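Structure at a glance
Given next are the chains, with one letter for each unit.
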Amino acid sequence: MVDLAEKEMDNPTFRSDTVLSDVHLHCPSKRHLMVRLNAVGQPVFLSYFKLLWSTEDLASGKHRREVTTGREQQCRSGDELCDKDRSDIKREGELNSEGVEALLDDDGDLEVVRRPRSASDLEAEDLLRDIVCPVILMKGKEDAFEDKEQHCTCNDVVKIEHTMATPLEDVGKQVWRAAFLLADYILFKRDTFRCCSVLELGGGTGISSIIMGTVAKRVYCTDVGEDLLAMCEQNVALNKHLMEPGGGEVKVKELDWLKDEFCTDPEAPYSWSEEEIADLLDHCSVIMAADVFYDDDLTDALFRTLYRITHNLRNSCTVYLALEKLNFTLRHMDVTCEAYSHFRNTLNDLENFQDGKMKYTVEPIKLDFCQFLVYERIEQL
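Conventions adopted
- Residues numbered from 1 in each chain as written.
- Predicted model: local features only at pLDDT ≥ 70, side-chain atom pairs only at ≥ 80, totals over all residues.
- Heavy atoms only, no water.
- UniProt positions renumbered as here; feature names shortened; annotations may be inferred.
- Buried < 20%, exposed > 50% of the residue type's maximum accessible area, 1.4 Å probe, protein only.
- Helix = DSSP H or I, 4+ residues; strand = E, 2+ residues; numbered from the N terminus.
- Pairing = 2+ DSSP bridges.
- Right-handed = clockwise from strand over helix to strand, strands pointing away.
- Phe/Tyr/Trp six-rings, centres within 6.5 Å; stacked < 30°, edge-to-face > 60°.
- Lys NZ or Arg CZ within 6 Å of the ring centre and 35° of its normal.
- Axes fitted to C-alpha atoms, helices over the stretch in contact; angles between N-to-C directions.
- Contact = heavy atoms within 4.5 Å.
- Salt bridge = Lys/Arg side-chain N within 4 Å of Asp/Glu carboxyl O.
- Parallel < 35°, antiparallel > 145°, perpendicular 65-115°, else oblique.
- Left-handed = near helix turned anticlockwise from the far one by under 90°.

The name recorded for the protein in an unreviewed UniProt entry is Methyltransferase-like protein 22, from Drymodes brunneopygia. Turning to the protein, the UniProt record has this under Subcellular location (unreviewed entry): "Nucleus". The Subunit (unreviewed entry) comment attached to the protein in UniProt states, word for word, "Interacts with members of the heat shock protein 90 and 70 families; these proteins probably are methylation substrates."

Attention now moves to the pairing of strand S9 (residues 284–290). A large share of S9 lies buried, amounting to six of its seven residues. Of the pairings in the sheet, the one linking strand S6 (residues 197–200) to S9 comprises four bridges and is parallel in character. Residue pairing in the sheet places Leu-199 in a bridge with Ile-287 of S9. Strand direction decides the pairing type here: S9 and strand S10 (residues 318–322), joined by five bridges, are parallel. Along S10, the bridge assignment pairs Ala-290 with Ala-322. Handedness of the β-α-β unit built from S9, helix H10 (residues 296–312) and S10 comes out right-handed.

As enumerated under the stated definition, the model contains 14 aromatic pairs in all. Judged by centre distance (6.4 Å) and plane angle (70°), the ring pair of Tyr-185 and Phe-193 falls under edge-to-face. For Tyr-185, a relative accessible area of 13% translates into the label buried. Ring geometry for Tyr-185 versus Phe-369: centroids 5.3 Å apart, planes at 70°, classification edge-to-face. A residue pair is termed long-range when its members are at least 10 positions apart, and Tyr-185 in helix H4 (residues 177–188) and Phe-369 in the segment after helix H11 (338–352) qualify at 184 residues. For the pair Tyr-185 and Phe-369, one class covers both residues: buried. Above the ring of Phe-262, the side-chain terminus of Arg-308 is found at 5.8 Å from the ring centroid. One cation-aromatic arrangement involves Arg-377 over Phe-369; the distance from NZ or CZ to the ring centre is 4.6 Å.

Before going further, it helps to examine the sheet that holds S6. Pairing is parallel in the open sheet, where five strands are placed in the order S8-S7-S6-S9-S10. Whereas interior strands pair on both sides, the edge strands pair on one side only; in this sheet they are strand S8 (249–254) and S10. The sheet shows a mean angle of 20° between the axes of neighbouring strands, taken without regard to direction. Contacting S6, strand S7 (218–223), S8 and S9, helix H9 (residues 274–283) runs over the sheet at an angle of about 100° to S9.

Taken as a whole, this structure holds 13 salt bridges when the rule is applied. Among the ionic pairs, Lys-50 bridges to Asp-156, the shortest N-O distance being 2.6 Å. With Lys-50 in strand S3 (residues 43–50) and Asp-156 in the loop between helix H3 (119–128) and strand S4 (157–162), the pair connects residues that are 106 residues apart, well separated along the chain. A salt bridge links Lys-253 to Glu-276, with the nearest nitrogen and oxygen atoms 2.9 Å apart. Taken together, the positions of Lys-253 in strand S8 and Glu-276 in helix H9 put the pair 23 residues apart, joining distant regions of the chain. In terms of burial, Lys-253 and Glu-276 fall into one category: buried. It is possible to trace a salt-bridge network through shared partners that takes in Asp-170, Lys-173 and Asp-227.

Let us now look at the packing of H10 against H11. At their nearest, the axes of H10 and H11 sit 10 Å apart, and the two run at 25° to each other. Classed by the angle they form, the pair H10 and H11 counts as roughly parallel. For the pair H10 and H11, the sense of crossing is right-handed. Counting all contacts with H10, which are made through Asp-296, Thr-299, Asp-300 and Phe-303, the residues of H11 involved are Ala-339, His-342, Phe-343, Thr-346, Leu-347 and Leu-350.

Now the structure itself:
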């Protein structure tokens, strides 16, 4: 069992793995611009992630339709194009049902026959994707680059700055699939979270907190590292228009799971004021975390932090944890889920933990709720 008592903890050590989130590869985002180099020299990208319901529709209770998977997700901008893609999918399905074998080359590799691109293909592609022009990378402050579309107030797009292919200690700067899953659940159960005060642990790029900010009263989005927190704060600013209809507020704060206290140093850029700590402890009823269970030591630290915070809350609290049961590393060149078993064991220990003051119950959430963001919802979530 994880010792939930307060004690000193060794700093976790990371292997020099390089990890890569593939979320952007499956998203029909209009843009993935490389906009600058961050403080540690990593390329920073600006990606546009499509919301299938606008915030105006969500506020009014309107629904469009449940999300489907595959190519049909990418063809919502024109009925004519949708019909064309559906007929293509149907023809592909008919061929597969007849058992046509794939053609292999001399080496045994799949030989893909591509038909010539016609003018109509190019016109159809223009409906889906803007032309991406090269952008010069600049090294400097987080606001060194200002995208010309930065102030666009589209209510069906979430704009996120992030990096790709980082060392393990910088994974918070990438966009991960479970954050989209958590965002989906927030939008699906938005009446549950309306006007709540929320704490996110390990908020990373901030996408879950941004979505929560469209329905909740106040969200404290927390993580560690000034570079990451600055990126998160920039993303909150980029999507402020999404939160304005509901009047939600997202505050980016430092919260180190390896420390027993909130950072209150007035010289620190993302420290807490005494008023903010009091507000959190007096009003917080929801805690959430997504894609933070990839290291056993950090998992232990997170559960210690959960215990410490919930122990000091004035009201009862619900904690939502979302994760993907795999990690791909270039060192292994394989899919691994070494940290998942430890997470499950620690979660079971927390449920069985009793100190006469706190009681935890664990309930799984079925993933049959509808999808609000365009991403690949895989079975490992």
